[in-house]
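What follows is each chain in one-letter form.
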Amino acid sequence: MDRITIRIRIVQIVSVAALLAAWEAIARAGWVDPLFVPAPSAVTGAMLRVGALAMAGLGDTLAKTAVAYVISVVLGVGGGLVLGSIRSVRQAVNPFVIALYGMPKILVLPWIVLLLGFGTLPAVVYGAIHGVFPILVLVSGAVRDVDHTWLTVARAFGARRRQLYWKVVLPAIVPTVLTGMRLGIVFCLLGVLIVEMFAGVRGMGHVLGSFANGFQAPELFAATALVSMASIVIVLSLDALNDRLSHWRGEAR
Amino acid sequence: MGGDVGAPHVVLDGVDKRYATSSGPVDALACVSLTVDAGEFCTLIGPSGCGKSTLLGMLGGLVTPDAGRVLVDGRPVNGPDPRRAATVFQEAGLFPWRTTLENIEFGLELQGVARERRRAAATELLGPLGLRDFAGKYPRELSGGMRQRVAIGRALAIDTPIVLMDEPFGALDEQTRLLMGEWLLDIWRRTRKTVVFVTHSLQEALALSTRVIIMTARPGRIKSVVELPLPYPRAMESAELVALRAKLWSEIREESLRAMGDV
Amino acid sequence: MSVALIRAGIVVVALGAWEVFGRLANPLLYVPPSAALPALGRLLTLESYPDLGEHLLLTLREIAVAYGLAIAAGVGGGAVLGLNRLLGRAYGPILAALYAVPAVVWYPSLMLFFGLDAASKIAFGFLLGFFPIALAVLAGIRQVNVQLVTVARAFGASDLVVFRKVMLPAMLFTLAGGLRTGLALSVIGVIVGEVLGSKAGMGSLINHAYGLFRTADYVALVVVTLVLILASDAVAGVVEQRARRWTE
């Protein structure tokens, strides 16, 4: 590690440590109501107490997110391929897609719960709705923007339509699909959590909501930290996967 | 294969091409007729916009004429046929997600050739292409000249009787161009394919071709055809070639001026 | 056939299909346009919700405060991180990592701390709007022409002056984009906060209608809220266009 990286790490570690220390000191001194701002030590204790419960909730949420994610990716990539390839469809439909993308999905949440009830189904559906749009928009843009030279070359070498898709379009859009998938997972998770908070009976959103309603601050902070770390790990993993699969692109990404 | 060397291989007969642009229809080619014999190295040269790339596109089946016929071996051209002609473009057009070997074997892959066979065919070409150490590299790791060599390798791999080249060295610096020209000549003389070569460069036309076809400014027609039955390698300073260069240049210059004034 | 005509056609067909389907399946649940429009009328004439105005104003106030705080913290924080290379490289990745967490996980904590009142909605809207603004300021500073800064410094300008008089104008365009996204996210944050639990505001009305199964009123409230959101984004869009013209 060179000097600059060392200095950066020092700043990061010192800041976090100082923050935690100050927080602990303030909490111990009684300057804040422990009901609202628990000491880090209390949070750690809570983590041990409700760790199992929180993990179960997290597992539940991640399972629903996974299902919603698969749906989003399939619909998003499939729809993006269609939209990007067929000019007439794209021109007619694109403004609606963009409008739906930009519309805050929270507005239809109560209606979805009315329609599908409480529990797993609305969470999966709402998560899928959240995740499908960024993927759809990104993939359709990428298909539309595939370098024409590559298509001409493939045709010149006798590629049939199916071969054009398999051997040129799909490999060409891989980087964008990966970016879309990285965005999609965060959006899916977000959607599932929102439903769990609004109308959930299980899952991390419900767990967080229960702790908040019960004024169990240390437990709430612990659970929040847990789900945050899980999310960061998932995104970083996808980033690493993205890097490995796009190695042929070099620095340009 | 295209019959005996010297027999007509490619025929264009009364070919027209018109494009619709935002400022009205533009005649790219007007009543072009020419013949290329088997085993020839035929160069198309002319000012910008004279339609030489369009012509090449027609030979490759990528562009359809509005009038007239395009025949190869006496049969009409209906679309790209990788058994008949291979094309090399100015932008190498390599697929960045494929290695050198994978790019070279692309045409063979499209034709369903088995993996081991096409890998062997591509590997065999690495030697003549001078790319033996770069088999597993990606295009972004190759220089411009190397990428063009891969593109030419890709065209050679499908072993077509005709090879069409659209300013393949246009994006390269002069030294690389000269060396690539020498190298191409060597490959051609060994394989004796029919080559149709589009270029801006008079030097290339004189150094490489058996026949030079000069085109007029837009709408493109054949202005003149010059045979070059000279031995290889060409002695560019010989009296004969100097005279030929002067002659070709005066004709090309005339059309270039016309093209410039035509803006 | 012109594209606009096709799009209009799609809208007409969609509305028509919704009307037919809604009537046949369950008009109460699916609210066909013929039921939604009168509900919209009742809403706008303050018949269904007489205190609509108060709630609307509250939501707008929450958005304004949340966004204002987001701008202050976003520009300030982004500037500090952008100007000081060490701090920027130390905290930039932390910021990016936090951005990867779905913001709604912070909301229960905010509700615990601030309660069900406007404060938690403001806090959430602030949190959502802060990130795109800070990141845009960071990106904007990075792409400022270094030469301009060097010249200014050579003339003895302090960091603050350099920021205000050289960097800010140069990065106006990137900044405008970030501000627009920040507004959109602040708006969403406030509304999500209201829907998930509040006593007042447009979101709470939506929740209320939903709870009482007053689906037609619910649709009307959604339409009004949607108009509010579109209007705010349209205003932001106009400001962004102006900024673009200044920087070109």
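Cut-offs used in this document
- Residues numbered from 1 in each chain as written.
- Chains lettered and ligands numbered in written order.
- Predicted model: local features only at pLDDT ≥ 70, side-chain atom pairs only at ≥ 80, totals over all residues.
- Helix = DSSP H or I, 4+ residues; strand = E, 2+ residues; numbered from the N terminus.
- Buried ≥ 20, exposed ≤ 12 C-beta atoms within 10 Å, placed from the backbone.
- Contact = placed C-beta atoms within 7 Å.
- Nonpolar A, V, L, I, M, F, W, Y, C, P; charged D, E, K, R; others polar.
- Pairing = 2+ DSSP bridges.
- Axes fitted to C-alpha atoms, helices over the stretch in contact; angles between N-to-C directions.
- pLDDT = per-residue confidence, 0-100.
- Domains from an automatic or database assignment.

Further remarks concern the overall build of chain B. Helix and strand counts for chain B come out as eight helices and 10 strands. Across its three principal axes, chain B shows a C-alpha extent of roughly 50 × 45 × 40 Å. Across the 263 residues that make up chain B, the buried fraction comes to 43%. Sequence separation of 24 or more characterises 72% of the internal contacts of chain B that already satisfy a separation of 6 or more.

Another aspect to go through is the interface of chain A and chain B. At the junction of the two partners, chain A supplies 14 residues and chain B supplies 17 residues. When contributions to the side of chain A that touches chain B are tallied by element, the ones reaching two or more residues are α6 (148-156) and α7 (161-199) of chain A. Take the side of chain A that touches chain B: its biggest share by element is six residues, from α6(A). Split by residue class, the side of chain A that touches chain B holds seven nonpolar, five polar and two charged.

Backbone hydrogen bonds hold the strands of a sheet together, and the pairing may be parallel or antiparallel. Residue and element names in this part refer to chain B. Pairing within the open sheet is antiparallel, and its four strands lie in the order β2-β1-β4-β5. Of all strands in the sheet, those with a lone pairing partner are β2 (24-37) and β5 (75-76), marking the two edges. Both strand β1 (residues 8-21) and β2 contribute to a ladder of 10 bridges, which runs antiparallel. Across the sheet, the residue bridging to Lys17 is Leu29, located in β2. Here helix α1 (residues 52-59) sits on the sheet in contact with β1, β2 and β4 (67-72), set at roughly 60° to β2.

Another point: the arrangement of the chains. Among the two pairs of chains that make contact, the interface with the largest number of contacts is formed by chains A and C. One thing to see here is that chain B and chain C don't touch, and their nearest C-alpha atoms sit 18 Å from each other.

This part takes up the sheet that holds strand β3 (residues 41-45) of chain B. Residues and elements named next belong to chain B. With respect to topology, six strands assemble into an open sheet ordered β6-β7-β8-β3-β9-β10, the strand pairing being mixed. Edge strands, defined here as strands with exactly one partner in the open sheet, are β6 (85-88) and β10 (222-227). Averaged over all neighbouring strand pairs, the angle between strand axes comes to 15°, with direction disregarded. Pairing geometry for β6 and strand β7 (residues 162-166), over four bridges, is parallel. Bridging from a neighbouring strand, Ala85 pairs with Ile162 of β7. The strands touched by helix α5 (residues 144-157) are β6 and β7; relative to β6, the strand with the most contacts, the crossing angle is about 175°.

In the predicted model, chain C carries a mean pLDDT of 87, and the fraction of residues at 70 or more is 98%. The complex prediction reports pTM at 0.83, with the ipTM value standing at 0.85.

Here we take up the environment of Leu164(A). All names here are of chain A. Among the secondary structure elements, Leu164 is positioned in helix α7. In the structure, Leu164 is positioned 16 residues away from Gly180 in sequence and 22 Å away in space, judged by C-alpha atoms. Other than its neighbours up to four places away in sequence, Leu164 contacts Leu151, Ala154, Ala159 and Val169.

Residue-level contacts link 37 residues of chain A with 34 residues of chain C. Put simply, the parts of the chain that give the side of chain A that touches chain C at least two residues each are α1 (3-29), α3 (87-102), α4 (109-116), α7, α8 (204-213) and α9 (217-245) of chain A. Per-class residue counts for the side of chain A that touches chain C are 30 nonpolar, six polar and one charged.

To continue, consider unusual backbone geometry. Residue and element names in this part refer to chain B. Across the junction of Arg218 and Pro219, the peptide omega takes the value -5°, indicating a cis bond. Relative to the assigned elements, Pro219 resides in the loop between β9 (211-215) and β10. Cis geometry marks the peptide bond from Tyr232 to Pro233; its omega dihedral reads -10°. Following the sequence through the fold, Pro233 ends up in the loop between β10 and α8 (239-261). Backbone geometry places Asp73, a non-glycine residue, at a positive phi of 55°. Inspection of the secondary structure puts Asp73 in the loop between β4 and β5. Non-glycine residue Arg192 carries a positive phi angle of around 50°. Its place among the elements puts Arg192 in the loop between α6 (174-191) and β8 (194-199).

With that settled, consider the domain arrangement of chain B. Residues and elements named next belong to chain B. When cut into domains, chain B gives domain 1 (1-30 + 40-84 + 165-200 + 207-263) and domain 2 (95-159). Between domain 1 and domain 2, the C-alpha centre-to-centre distance is 26 Å. The residue makeup of the side of domain 1 that touches domain 2, split by class, is seven nonpolar, one polar and no charged.

Residue and element names in this part refer to chain C. Along the polypeptide, Glu19 turns up in helix α1 (residues 3-25). Distance from Glu19 to Tyr67, taken between C-alpha atoms, is 39 Å for residues 48 residues apart in sequence. Leaving out residues up to four positions away in the same chain, Glu19 has contacts with Pro32, Pro33 and Ser34.

Residues of chain B with pLDDT of at least 70 account for 97%, and the chain-wide mean is 88. When pLDDT is averaged over each helix and strand of chain B, the minimum, 82, is found for β1(B) and the maximum, 95, for helix α2 (residues 100-104) of chain B.

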